[in-house]
2 protein chains.
Amino acid sequence: MNHLMAAAAGDEPFDCILKNAQFVNVHTEEIYQADVGIANRRIAHVTQPEENGLDSVDCAVVHDCTGKYLLPGFIDTHVHIESGMMTPANFARAVIPHGTTTVLADPHEVCNVLGVEGIEYCAEAARDILLRVFLAVPSCVPSILGAESNKMTFGAPEIARMLAMPDVLALGEMMDYMGVIQRDPRMLAIVDEAMKTGKLIQGHVIDVTSRQLSAYMAAGVESDHESRTLSDAVMKLRAGMTLECRYGSNAQNVPVEAEALALLNYPVNATLCTDDREPDDLLRRGHIDEALRQAVRAGVPPIKAVQLATRNAALFLGVKDIGSLRSGARADMVLVEDLRDFSVQEVFIGGRLCAENGRLAATIPSSVSPIESRNTMNIKGTLTRRDFVIPAEGESVRLNGLSLRDGDPFMTTLVTTTFAVRDGCAALGDEADFVTMAVVERHNATGNIAVAPVRGTGLRRGAIAGTVAHDSHNLFVLGKNPDDMRIAAARLVELGGGFAAVENGRVVAEVPLPVCGLMSLHPVEVLAEEMAALKRAVNDMGIVGGSPVHMLTWFCLPVLPRVRLTDKGLFDTVRQKPLPLYVPAE
Amino acid sequence: MNHLMAAAAGDEPFDCILKNAQFVNVHTEEIYQADVGIANRRIAHVTQPEENGLDSVDCAVVHDCTGKYLLPGFIDTHVHIESGMMTPANFARAVIPHGTTTVLADPHEVCNVLGVEGIEYCAEAARDILLRVFLAVPSCVPSILGAESNKMTFGAPEIARMLAMPDVLALGEMMDYMGVIQRDPRMLAIVDEAMKTGKLIQGHVIDVTSRQLSAYMAAGVESDHESRTLSDAVMKLRAGMTLECRYGSNAQNVPVEAEALALLNYPVNATLCTDDREPDDLLRRGHIDEALRQAVRAGVPPIKAVQLATRNAALFLGVKDIGSLRSGARADMVLVEDLRDFSVQEVFIGGRLCAENGRLAATIPSSVSPIESRNTMNIKGTLTRRDFVIPAEGESVRLNGLSLRDGDPFMTTLVTTTFAVRDGCAALGDEADFVTMAVVERHNATGNIAVAPVRGTGLRRGAIAGTVAHDSHNLFVLGKNPDDMRIAAARLVELGGGFAAVENGRVVAEVPLPVCGLMSLHPVEVLAEEMAALKRAVNDMGIVGGSPVHMLTWFCLPVLPRVRLTDKGLFDTVRQKPLPLYVPAE
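The structure displayed is predicted, hence computed values, not measured ones.

A. Spotlight on the overall build of chain A. What chain A contains, in helices and strands, is 17 helices and 30 strands. Over its C-alpha atoms chain A spans a radius of gyration of 25 Å, differing by no more than 12% from the 25 Å that the globule rule assigns to 586 residues. Each principal axis of the C-alpha atoms in chain A carries an extent, and together these give about 90 × 50 × 40 Å. Scored against the burial criterion, the 586 residues of chain A give a buried share of 65%. By sequence separation, contacts in chain A at least 24 residues apart represent 67% of the contacts at least 6 residues apart. In the structure as shown, chain A presents an accessible area of about 19600 Å², 48% of it carried by carbon and sulfur atoms.

B. How the structure looks around the pattern of salt bridges. Residue and element names in this part refer to chain A. Inspection of every chain in the model, using the stated rule, returns 60 salt bridges over all chains. Residue E120 pairs with R161 through a salt bridge whose shortest N-O separation is 3.2 Å. Of the two residues, E120 is situated in helix α4 (residues 116-125) and R161 in helix α5 (residues 156-163); the sequence distance between them amounts to 41 residues. When its relative accessible area of 35% is taken as the criterion, E120 is described as partly exposed. R246 is the salt-bridge partner of D275, the closest N and O atoms lying 2.6 Å from each other. With D275 in the loop between β13 (270-273) and α11 (279-284) and R246 in strand β12 (residues 242-246), this residue pair connects regions lying 29 residues apart in the sequence. One exposure class covers both D275 and R246, and it is buried. Bridged by salt links that share partners, the residues E226, R228, R246 and D275 form one connected network.

C. View of the confidence of the model for chain A. Confidence in the prediction for chain A averages 95 pLDDT; 99% of positions are at 70 or higher. Scoring of the predicted complex yields 0.96 for pTM and 0.95 for ipTM.

D. Region of interest: the sheet that holds strand β9 (residues 168-174) of chain B. All names here are of chain B. If you walk across this open sheet you meet the five strands as β6-β7-β8-β9-β10, and the pairing is parallel. Only two strands of the sheet have a single neighbouring strand rather than two, namely β6 (74-79) and β10 (200-203). Between one strand and the next, the sheet's axes are offset by a mean angle of 30 degrees, whatever the strand orientation. Inspection of the sheet shows strand β8 (residues 132-137) paired to β9 by three bridges, in the parallel sense.

E. Local environment of the relation of the copies chain B and chain A. Overlaying chain B on chain A yields an RMSD of 0.1 Å, the required transformation being a rotation through 180 degrees with an accompanying axial translation of 0.0 Å. Here the two chains are linked by the operation of a two-fold rotation axis. A share of 100% of the interface residues of chain B reappears at the interface of chain A, consistent with the copies meeting face to face through the same patch.

F. Unusual backbone geometry, seen in detail. In this model, A:H470 is joined to A:D471 through a cis peptide bond whose omega is -15 degrees. Looking at the element boundaries, A:D471 is found in the loop between β23 (463-466) and β24 (475-479). For the bond running from B:V141 to B:P142, omega is -5 degrees, close enough to zero to count as cis. By the secondary structure assignment, B:P142 is in the loop between β8 and α5 (156-163). The phi angle at A:N20 is positive, at roughly 60 degrees, despite the residue not being glycine.

G. The interface of chain B and chain A, seen in detail. Of the residues lining the interface, 56 residues belong to chain B; the matching set on chain A comes to 56 residues. Note that B:K320 and A:E222 form a salt bridge whose closest N and O atoms lie 3.0 Å from each other. In this structure, the connection of chain B to chain A is made through 26 residue pairs in polar contact (both at pLDDT 80 or more). Take the side of chain B that touches chain A: its biggest share by element is seven residues, from helix α1 (residues 2-9) of chain B.

H. Fine view of the packing of helix α9 (residues 230-238) of chain B against helix α10 (residues 254-263) of chain B. Residues and elements named next belong to chain B. Relative to each other, α9 and α10 sit at 45 degrees, their axes nearing to 8 Å. The pairing of α9 with α10 is recorded here as oblique in orientation. Relative to α10, α9 is oriented so that their crossing is right-handed. Here L230, A233, V234 and L237 of α9 come into contact with α10, specifically with V256, E257, E259, A260, L261 and L263. In terms of residue class, the contact of α9 with α10 is made up of eight nonpolar, no polar and two charged.

I. Focus on the pairing of strand β19 (residues 408-422) of chain B. Residues and elements named next belong to chain B. Sheet topology note: the strand β18 (residues 396-405)/β19 ladder contains ten bridges and is antiparallel. Across the sheet, L404 pairs through a bridge with T412, a residue of β19. Bridging between β19 and strand β20 (residues 425-426) involves two bridges; their strand directions are antiparallel. Along β20, the bridge assignment pairs V421 with A426. Count of turn residues in the β19/β20 antiparallel hairpin: two residues, of which D423 carries a positive phi of about 55 degrees.

J. Representation of the packing of helix α8 (residues 210-218) of chain A against α1(B). Across the interface, α8(A) lies against α1(B) with an axial gap of 7 Å and an inter-helix angle of 165 degrees. Here α1(B) runs roughly antiparallel to α8(A), going by the angle between their axes. In this structure, the crossing between α8(A) and α1(B) has a hand that is right-handed. Of the residues in α1(B), those in contact with A:R211, A:S214, A:A215 and A:A218 of α8(A) are B:L4, B:M5, B:A7, B:A8 and B:A9. The residue makeup of the contact of α8(A) with α1(B), split by class, is seven nonpolar, one polar and one charged.

K. Broad picture of the environment of A:R42. Residue and element names in this part refer to chain A. Within the secondary structure layout, R42 lies in strand β3 (residues 42-46). In this structure, the C-alpha to C-alpha distance between R42 and R326, residues 284 residues apart in sequence, is 9.2 Å. At 3.1 Å, the side chain of R42 and the side chain of D321 are in polar contact.

L. Inspection of helix α2 (residues 88-95) of chain A at higher detail. When you tally the buried positions in α2(A), you get seven out of eight residues, the bulk of the element. Elements in contact with the buried residues of α2(A): β6 (74-79), β7 (100-105), α4, α11 and α16 (524-540) of chain A.

M. Spotlight on the side chain of A:T412. Residues and elements named next belong to chain A. Relative to the elements of secondary structure, T412 occurs in strand β19 (residues 408-422). A distance of 2.4 Å separates the side chain of T412 from the backbone oxygen of V563, its partner in a polar contact. Dropping the residues within four chain positions of it, T412 is found in contact with L402, S403, L404, P561, R562, V563 and R564.

Criteria and thresholds
- Residues numbered from 1 in each chain as written.
- Chains lettered and ligands numbered in written order.
- Predicted model: local features only at pLDDT ≥ 70, side-chain atom pairs only at ≥ 80, totals over all residues.
- Heavy atoms only, no water.
- Helix = DSSP H or I, 4+ residues; strand = E, 2+ residues; numbered from the N terminus.
- Rg over C-alpha atoms; globule rule 2.2 N^0.38 Å.
- Buried < 20%, exposed > 50% of the residue type's maximum accessible area, 1.4 Å probe, protein only.
- Contact = heavy atoms within 4.5 Å.
- Areas by Shrake-Rupley, 256 points an atom, 1.4 Å probe, with all protein chains shown as cover.
- Salt bridge = Lys/Arg side-chain N within 4 Å of Asp/Glu carboxyl O.
- pLDDT = per-residue confidence, 0-100.
- Pairing = 2+ DSSP bridges.
- Axes fitted to C-alpha atoms, helices over the stretch in contact; angles between N-to-C directions.
- Least-squares fit on C-alpha atoms with pLDDT ≥ 70 in both.
- Polar contact = N/O pair within 3.5 Å; in protein donor to acceptor, adjacent residues only side chain to side chain.
- Parallel < 35°, antiparallel > 145°, perpendicular 65-115°, else oblique.
- Left-handed = near helix turned anticlockwise from the far one by under 90°.
- Nonpolar A, V, L, I, M, F, W, Y, C, P; charged D, E, K, R; others polar.

Okay, structure coming up:
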């Protein structure tokens, strides 16, 4: 503190000076030319408009910022790092060049695979990666009790233990919002643990009435990132919720949320977040910089957009030394070319130049956590082709299954069909529009395998397997024949997880995700290429839709409407109960 | 939580409904008609504009708010309760009818008298008084080391112990700002204790350069309430400090601060506070309601003014359940007639009607703390008339003393004068414009008594004594003759402190302040009358200026310019060193 204060007061030289920046003051909404002096990795002094510039004689390191706008580093208030399919270190390498310097990460996916060890891994792997990573304790692991198998069920004791971890800032999105609203004791006990600590409680709430929203907030939930309509966003802002305006890979609410912000005088209770962002988007389109761009495109005045990602986010998180370039704050700073495209020129973290022209300019050490070399695939016995068929007797069999419309994985319906029986199995391959889907439990070697018919994927040949399957991330396989399905599944067991596409007994594309079956060890550039190759392969095989991740990984989630397949079998997600596979003949 | 949530969701009746209010939404800056449902002393639901009103069939207690504006309870972010010269319970009784429901109190005065026990007393006395009292740990006790005697010196260990108390939210105003800026190790150690806890650090900083301000903020100080000029307020807001806009009894910065807010787009980093507010003002003019009125009069749009006292204050304090009428928040609410005069009609605390038409409508129990019956006057031996003269030999003596200009106690200068000597004493009474001032140490019975001449008080006869004497609150006496001075001082020793005016050996007015010599046991109405009588008496005796408190109680403070008298003698507050009383003849 002494050197910082001495530099601020003018008694010692700064460590570094940024000269002639167009300073964007997130407090007063002014833009003026200023110089910034850095010491001890923090902001020592920012010149005021009427003041002389800082004297570069006193400091050897001067960075000229002429013509560029200086902003506080960007903050993502809600992100699942695992959705980028990268380790925290590679995620940091990917997002820092886009100006992100702080995130609040909910390690929801990795905790479904590793239990409490998942958040411990994230805390460890996120240390010393330049990006400041705060953690939110996943509140809903698994998504619904009993519907599927994951590594561990989080109850109040586990939540309490995780909330006490030093980097934990919040209870993560309370997705079981109906459980909270209906005062489910298990959910209330979890919320109560967070209330006791005074920590932030983040929400996730869709399609509720204002009375239900009030009940949810009365429980202590403070925010939401799921506003898909203007009226919903307006209702939440008026209610005093913090609207975490989302611009993810698939869910992009910023345009409609921008309208709500404009209507309601740009309230302070609004931030930006990405939630789920895929590697290709992170590489080519960006992160919070993209959200800023989209917000401005949607009509948010540039400086109000910047406030969302900086000052408002810091107030929301309750972290005092970020979100503003005031004296004493961390010298996390972004220089952009303009306030329309937010093209990030330089990124400073702790006063150190960490990215330049879209490229990382600092070394981020890779994690040495043993988790990253652990194969988490824990399947009972060896998979055989018999695991990927539906046994049947007689001439035909009537089966329940899932049906997709237009390849949209977010809405599936129940389909009941009669199939021919051949060689003691339902002959799903006979029906052009159907494939076989299998979900294999992979955490605790229970031996659970569920198989069911699926209509409307577009798959015409071969098989595709994956271990990214929200939220329990069991091994799923879609295929036209059991041999290719077995090979695809077996390949992922070898790799420790990922995606594999198999045709005629041969792996035609694969993306190894050996870290928990969720994350690659490769940097974003390599991973994005692997994902693109996988996408080409699965599109060749007939899968419709632009993103295989989008298409495949939401198939199992038992909180999405209406019918899902988990390792325990078919599940009616509306009535919240299992469905039988076999249906008596009509 | 269950009943609150059930009422919000519509599953159980509310405890109380406020109908047809003009709801002032501090998040969106809208005003619309709404109904508010209360349960478990918290806000359960506020109807949204497009929603039907709440059904009064479900709830027996309905409060009609037609034509009135509903606001969150007002928050004072920086106040010394002792300046109201009332106990916390009586302070609550005085300010609640004015709409104040939460204060952050710095028990700075009482800690100079009681040490750590002072904040413990405040915490105890502020329990169950309806008003929510958060405490700030006094950072500068005494104001300057060595310049005067108080009960106890607070160092880092005491500060750490007090910061750990449950109601403590902040380190109170860091008044030794030059100590901090110049990196005095003792001050930095105190600030460091607060930094370790992550608690708020409040400031107090006057007439510094922007570089000095940066050094102060770099230490961790977050706010200030001393902006007396537009340029100073602008500098602080731009720097990202929170401007605690002050409207006290004597220091009223709101008008100039309002100008700064208007220039800088009404930044969130601004609140309202009163700092020091005297009983008469609290009774007749109000508290934060008066600050709101003055802010609007100075041009702040009404809803922006309301945000200062509610949402902004809550964000600044980091307290989530106040400052907004969102679901889950405490049902602390104020109904006002309009948003110009802020005439407070009703005040609800925890959903309960606590004040109506300016009168308390709830019972606040008086404290049973033994502190309130302890006489804190601890003077060595018995005072005699010899204690109130300046011994001298020869025909004349040359003495240093204090001089006031226009009765303004905030600026005193050194005056050196030759007095005749009679009966072995300097004959101060001979000079019409001079009086004798004495300061008697009263905490640890050290026997310290300092006496010096004072010019410019206007006092023409008798003596005035007091035990409210910032910051150490020793016993001071001003007088034209030693007999009246002794009687006045002796009377205060009997009373346990307060003010006494004596003429011709008779007490002509007195205000007993038996609690620590700072606070009355009487309610504001009685105390204000006593103070008015005292004021009449001292004005009769020649003291100029409207407020005897203002006039007398700042005489000893060794951080005000330029010369002060403490129990240790004359003190040059600019050069920070003692001054001799006796000066060699020219």
